[in-house]
Amino acid sequence: MAKWDYDGPILEIENLSISFFTRAGEIPAVMDFSTTVMPGEAMGLVGESGCGKSTVALGVMQDLGKNGEIVGGTIKFKGRNLNEMSEEELRDLRGSEIAMIYQEPMASLNPAMRIGQQLMEVPIIHEGVSKAVAREMAIEVVTDVKLPDPERILDSYPHQLSGGQQQRIVIAMALMSKPSLLILDEPTTALDVTVEAGIVDLVKGLGEKYGTSMLFISHNLGLVLDTCDRLCVMYSGEAVETGSIEDVFDKMRHPYTQALFRSIPLPGADKNAAPLVAIPGNFPLPHERPSGCNFGPRCDYFEKGRCNKGQIMMDPVEGGGRDRHESRCLKVREIDWKAPLVAGDNSARTEPGKVVLKVDNLKKYYEVAANAIFGGGDVRVVKANETLSFEARESETLAIVGESGCGKSTLAKVLMGLETATDGTVTLNGDNIENLPIEGRDTKTVSSIQMVFQNPFDTLNPSMTVGSQIIRALEIFKVGNTPADRRQRMLELLDLVKLPRAFADRMPRQLSGGQKQRVGIARAFAGSAQIVVADEPVSALDVSVQAAVTDLLMEIQRENKTTLLFISHDLSIVRYLADRVMVMYLGHVVEMGTTEEVFSPPYHPYTEALLSAVPIADTSVQKKRIVLDGDIPSAMNPPSGCPFQTRCNHKVNVPNNLCETEVPPMRDLAGSQQIKCHLAQNWLDQMEPVIKIAAE
Amino acid sequence: MEPLSSLQILGHVLQQFLPVWVGMLVIFALSIMTKTKTGLYGKLFDSPIGMAGFALVLFWVLTAIFAESIMTHAALETASGMKFKAPGTPLRGAEAGDFQWYLFGGDNLARDVFSRMVAGSQIVLIIAPTATLFAFMVGITLGLPAGYFGGRTDTVLSFLANLVLAFPVILLFYLLVTPEIRAAGTEIQIWGGKTWVTSIPNLLAAILFLFPIVFLLILFQSRFFTQPKLRNILVIGVLLLGAWMYSGLTFNADPLGILGMDPNLLNIFVSVVFVNSPTVYRIVRGLAMDIQTRDYVAAAQTRGEGPWYIMLWEILPNARGPLIVDFCLRIGYTTILLGTLGFFGLGLSPESPDWGSTINEGRKLLSLTPYPALIPALALMSMVLGLNLLADGLREQSLKD
């Protein structure tokens, strides 16, 4: 199909409304949504889950399934109304003029076809070129997405590539037809931070090189800041604010945008002096939206009789922005947008107490037999944890930072007793527990070290009521003597995590993600746990809920003097709440120290890259851009010498090829900081801060 | 008296089934009224396929319950001159209180086809679901540890399951019901002056019937060991009830003389359970492997729960969706299997009114009249169809959650 030239906007959406029709009736998913994407422009769509951002993308693709229907408004692509196109015209358009990239790369690739074939298909179908030409094009695109050895990649099957490489191939496939519009639906959510940084860089570069317009859907404001020119904030099916990145980030004119920014941990937030402000209440369900402003019930500026009356329209912001800055708020002129945040309850910093947990030279190796059924064959050793040593004190938060495969989950398993250590010691309150599996531990030991899990939708047994799950934990921990005692204690635990007592009789499916996570916390504290291992407890939650759950954890910790081992890959939240930080890579602790020490130079080269990779939603922050090559090596087959040497930018600065031959020793730097690196002191001293906050 | 016309037959049949219609009406009305509160069962009434399946199954369940009042004659009652008579033939020499016609005609021994079909539903609806339930108990009790522990347990159990699955089913049945095999074994004197033969089918029954008792004991012990009082009541209850039923079903020597099992029936029952349980085992094993990776299982492990609590209370309830669907389908298969066995003459005694046997009896004289074979065949088909539709409906609805 010939591509037609068009000078106007690539995509014009006007007053779009999309509804899904179910047996329960019509459920509006998107209401009165308008936006314009100019050629070469990158538009960000930001919002929490369920706000309708993906539905807009599917609407543009005209792929709403049999339940979805566009009930109002128009979508114009290069001036032509997509709603009026025939199925055939649309098929021509998809994949050639508009391409879409989804969250899960493996789901977009055909596992039974070689990468090359899949890429070549696109020009063969849409442009009718010969196989040889198509292959040329494929090699070119694969080179463009910065994959090494394109020939080999083209001949491999999807499962032979890592997640990051797969996502690059998906992007390459989208670029094969040189589309005018690229829709990216959370393209990096499934990837690790350092891999994500590479993809983001790639997407930005390609936008500039190919002049493609982009619709970038994300829940991560920092990522949108890194990739987009303009953004549109959505809430509960409506766009609430739209404008250029600078306008929306610095001169926000909608209470929801403001609340959103106040609930994410930006540099400068501090758990004691400047705590995060969570947005009260819950996201309304599509069939329970309030009348008037959807954000009304959760808004600080809510005015009864005005905000809840009638439909509120998008209006241009006066004076606020130059570039099509619009907001859907009646009181936009009345609110004093510069008013400083009324400080929440400041709390005194709690001093860490005695050492509760001491881990010394802990090693955990797994033996993987080549032939699992009959045994025998080669036995390979996976070194999941390699000589870990650290201490954790009472009421201290120790953050364990690392990407997938770094061994943090194995460490948690050894601490919990689900695995026993291969070597080294773990001391809890003076008792050695490294070789005590959970069956061998007494009730007190088990109840004093508990865990909060990552996935809120998985953490509770779906077939038991919330109350009975907490009561079960109490029974096992021998708390209370009679069922009535335990029920009382269970209700108190619900109070502790700020859930209504009526939730005791609810089933988990009736709870939102944040509420489930609170129940998980209540369950962990059922036996008055001394140490709580929190494995990414908020990473699967929506931004506005994250702050509330984090604050809850901090508050309980403060009251109970709990030691919190906070496992996370999100450095923003780690900086906000941790007292000390431990950075792990491929089973090794590569850096350890107090939060200030780890977040300021000198850094371990991996910490430096990690800091640079984390997107920060603040326009005043300037980051040094360090993008790592390649992917995290497999723990089955670790590199020789320093585990990080395959991706390290500083390797050239170490003489004698030391990095490739020898594992560096743990070195003490100033203060309590320790790093595992061969770099000489003078190189460390030269390091500059990765994150600089520009003077205002 | 004149023979009935087709329409009149229909009218009479509908009238005979009156208690069933009333029952269905009441159950449907109640279910639809409360459908928002009853979970998966309630959602069944959102799906036309599920409702149709449920209606068919309910029809046969209610028929079995009200069989006594639906049947126009006794299942074994013969009447002179009614051999191979067409549907609607008036009963010769009927007395005033008797039903005046053979609604679906008479069979080769001049018995009423309609009444035998109704009586057959009772047998089918008792054996098929119970046998399936036993197969599930066995499959679950072995499948959960295989999936949960993996490793050697899994290897051994899966090998045994494959062994059973690899053996031709019909051949297995022939072996199990052969008189020589049934008699082989020593006779043991048991209580009440009764004897028990250690034949292969009897031994199998002794093993397979233990599973439900073991299953329930572990189920209660693993959960309620924290509340000894409640646990003791439950465990003693299970033991007493289990011992009573076990002595009745396995040894045909119920001390109270209430329960008992015909040796023919026991054979069939054991065979059906034996061939069904490996398939259930595989399903449960797969589900256990999948569900044990969930965080709530890890949460239970980290608070020190025992493996059986995790298997029976954390994993099993959350595998219920696929298991319920399979249960419905499997009752259907079992019904067909029972029919097939009856057809081969391996089933119950020849005069039994169960559908498989009656089809077999009717088949031999098909050229004279089709009705004695056709009517139970239609009954069998409609019930299995109902179960399959019900399973489809359940699957469709459980995926939506």
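Residues numbered from 1 in each chain as written. Chains lettered and ligands numbered in written order. Predicted model: local features only at pLDDT ≥ 70, side-chain atom pairs only at ≥ 80, totals over all residues.

### Topic: the overall build of chain A
Along the backbone of chain A there are 22 helices and 26 strands. Taking 26 Å as the expected radius of gyration for a compact globule of 696 residues, we find that chain A reaches 27 Å, a close match to that expectation. The contacts in chain A between residues at least 6 apart in sequence include a share of 69% that link residues at least 24 apart. (Helix = DSSP H or I, 4+ residues; strand = E, 2+ residues; numbered from the N terminus. Rg over C-alpha atoms; globule rule 2.2 N^0.38 Å. Contact = placed C-beta atoms within 7 Å.)

### Concerning the overall build of chain B
Within chain B one finds 18 helices and four strands. Its C-alpha atoms give chain B a radius of gyration of 24 Å, near enough to 21 Å, the size a compact globule of 401 residues would have. The dimensions of chain B, computed from C-alpha atoms along their principal axes, are 80 × 60 × 40 Å. Taking all 401 residues of chain B together, the buried fraction comes to 41%. Within chain B, contacts between residues at least 6 apart in sequence are counted, and of these 68% link residues at least 24 apart. (Buried ≥ 20, exposed ≤ 12 C-beta atoms within 10 Å, placed from the backbone.)

### Regarding the interface of chain B and chain A
Of the residues lining the interface, 16 residues belong to chain B; the matching set on chain A comes to 21 residues. Broken down by element, the side of chain B that touches chain A gets its largest block of residues, six residues, from helix 14 (residues 295-302) of chain B. Split into classes, the residues belonging to the side of chain B that touches chain A amount to four nonpolar, six polar and six charged. (Nonpolar A, V, L, I, M, F, W, Y, C, P; charged D, E, K, R; others polar.)

### Some thoughts on helix 5 (residues 131-144) of chain A
Residue and element names in this part refer to chain A. The end-to-end C-alpha separation of helix 5 is 20 Å, in line with the 20 Å expected for 14 residues at 1.5 Å each. Within helix 5, burial applies to Ala134, Met137, Ala138, Val141 and Val142. An end-on view of helix 5 places all buried positions within 135° of arc, on one side of the element. Tucked into the core, helix 5 has its buried residues touching helix 4 (115-126), helix 6 (150-154) and helix 7 (163-175). Following helix 5 by one or two positions, lysine 146 adopts a phi angle in the positive range, close to 60°. (Expected span 1.5 Å × (residues − 1). Arc of directions from axis to C-beta.)

### Looking at helix 11 (residues 255-262) of chain A
Residues and elements named next belong to chain A. Burial within helix 11 is extensive, with six of its eight residues counted as buried. For helix 11, the complete set of buried residues consists of Pro255, Tyr256, Thr257, Gln258, Ala259 and Leu260. Taken together, the buried residues of helix 11 touch strand 9 (230-235), strand 10 (238-244), helix 10 (245-250) and helix 17 (543-560).

### Brief notes about unusual backbone geometry
Residues and elements named next belong to chain A. Positive phi is not limited to glycine here, since asparagine 361 has a value of about 50°. Among the structural elements, asparagine 361 can be located in strand 13 (residues 355-369). On the basis of neighbour count, asparagine 361 is assigned to the exposed category, with 12 C-beta atoms found within 10 Å. Positive phi, normally seen in glycine, also occurs at lysine 561, with a value near 55°. Inspection of the secondary structure assignment puts lysine 561 in the loop between helix 17 and strand 20 (563-568). Owing to 15 C-beta atoms within 10 Å, lysine 561 belongs among the partly exposed residues under this scheme.

### A closer look at the packing of helix 6 (residues 113-149) of chain B against helix 11 (residues 210-224) of chain B
Residues and elements named next belong to chain B. Running from amino to carboxyl end, helix 6 crosses helix 11 at an angle of 55°, the nearest separation of the two axes being 9 Å. In terms of orientation, helix 6 and helix 11 fall into the oblique class. In this structure, the crossing between helix 6 and helix 11 has a hand that is left-handed. Only Phe211, Pro212, Val214 and Phe215 of helix 11 make contact with helix 6, whose side of the interface consists of Phe134, Met137, Val138, Ile140 and Thr141. (Axes fitted to C-alpha atoms, helices over the stretch in contact; angles between N-to-C directions. Parallel < 35°, antiparallel > 145°, perpendicular 65-115°, else oblique. Left-handed = near helix turned anticlockwise from the far one by under 90°.)

### Structural notes on the sheet that holds strand 7 (residues 181-185) of chain A
Residues and elements named next belong to chain A. Ordered in space as 6-7-8-3-9-10-12-11, the eight strands form an open sheet in which the pairing is mixed. The open sheet has two edge strands with one neighbour each: strand 6 (98-101) and strand 11 (315-316). As paired strands, strand 3 (residues 42-46) and strand 9 are joined by four bridges and run parallel to one another. Opposite methionine 43, over in strand 9, you have arginine 230 as the bridge partner. (Pairing = 2+ DSSP bridges.)

### Looking at the sheet that holds strand 20 of chain A
All names here are of chain A. With mixed pairing, the eight strands of this open sheet are ordered in space as 18-19-20-15-21-22-25-24. Each end of this open sheet is capped by a strand with a single partner; those strands are strand 18 (449-452) and strand 24 (666-668). Across the sheet, the mean angle from the axis of one strand to that of its neighbour is 20°, orientation sign disregarded. Here four bridges tie strand 18 to strand 19 (residues 531-535), and the two strands are oriented parallel to one another. Within the sheet, the bridge partner assigned to valine 452 lies in strand 19 and is alanine 534.

### Digging into the pairing of strand 20 of chain A
Where a strand is regular, its side chains alternate between the two sheet faces. Residue and element names in this part refer to chain A. For strand 20, the tally of buried residues reaches six of six residues, placing the bulk of the element in the interior. Here five bridges tie strand 15 (residues 397-401) to strand 20, and the two strands are oriented parallel to one another. Its bridge partner lying in strand 20, threonine 397 is registered against leucine 564. With five bridges connecting them, strand 19 and strand 20 associate as parallel partners. By the bridge assignment, isoleucine 531 is partnered in strand 20 with threonine 563.

### Quick word on the packing of helix 11 of chain B against helix 12 (residues 228-251) of chain B
Residue and element names in this part refer to chain B. The interhelical angle for the contact between helix 11 and helix 12, taken along N-to-C directions, is 180°, at an axis separation of 9 Å. On the basis of their axis angle, the class for helix 11 and helix 12 is roughly antiparallel. Along its contact with helix 11, which presents Ile213, Leu216, Leu217, Phe220, Gln221 and Phe224, the element helix 12 presents Leu230, Arg231, Leu234, Val235, Val238, Gly242 and Tyr246. A class-by-class count of the residues in the contact of helix 11 with helix 12 yields 10 nonpolar, two polar and one charged.

### Quick look at the confidence of the model for chain A
Detailed reading of the predicted coordinates is not advisable wherever pLDDT falls low. Confidence along chain A averages 82 in pLDDT terms, with 95% of residues attaining 70 or more. The least confident element of chain A, judged by mean pLDDT, is strand 26 (residues 691-693) of chain A at 75; the most confident is strand 15 of chain A at 90. (pLDDT = per-residue confidence, 0-100.)

### Some remarks on the environment of Leu25(B)
Within the secondary structure, Leu25(B) is located in helix 2 (residues 18-33). Leu25(B) sits in the exposed class, given 10 other C-beta atoms within 10 Å.

### Brief notes about the environment of Gln62(A)
Residues and elements named next belong to chain A. With respect to the helices and strands, the residue glutamine 62 is situated in the loop between helix 1 (53-61) and strand 4 (68-77). On the neighbour-count criterion, glutamine 62 (19 C-beta atoms within 10 Å) is partly exposed. Remark: the alpha-carbon pair of glutamine 62 and arginine 94, spanning 32 residues in sequence, is separated by 9.3 Å. In contact with glutamine 62, not counting residues within four places along its chain, are Leu82 and Leu90.

### Some words on the pairing of strand 22 (residues 588-594) of chain A
All names here are of chain A. Across the seven residues of strand 22, six count as buried, placing the element largely inside the fold. Summarising the sheet, strand 21 (residues 580-585) and strand 22 pair through six bridges and their orientation is antiparallel. Paired with tyrosine 585 across the two strands is histidine 588, which belongs to strand 22. Between the end of strand 21 and the start of strand 22, which pair antiparallel, lie two residues, with leucine 586 showing a positive phi angle near 50°. Looking at chain direction, strand 22 and strand 25 (residues 674-676) are connected through two bridges and run antiparallel. Within strand 25, the position partnered with methionine 592 by the bridge is glutamine 674.

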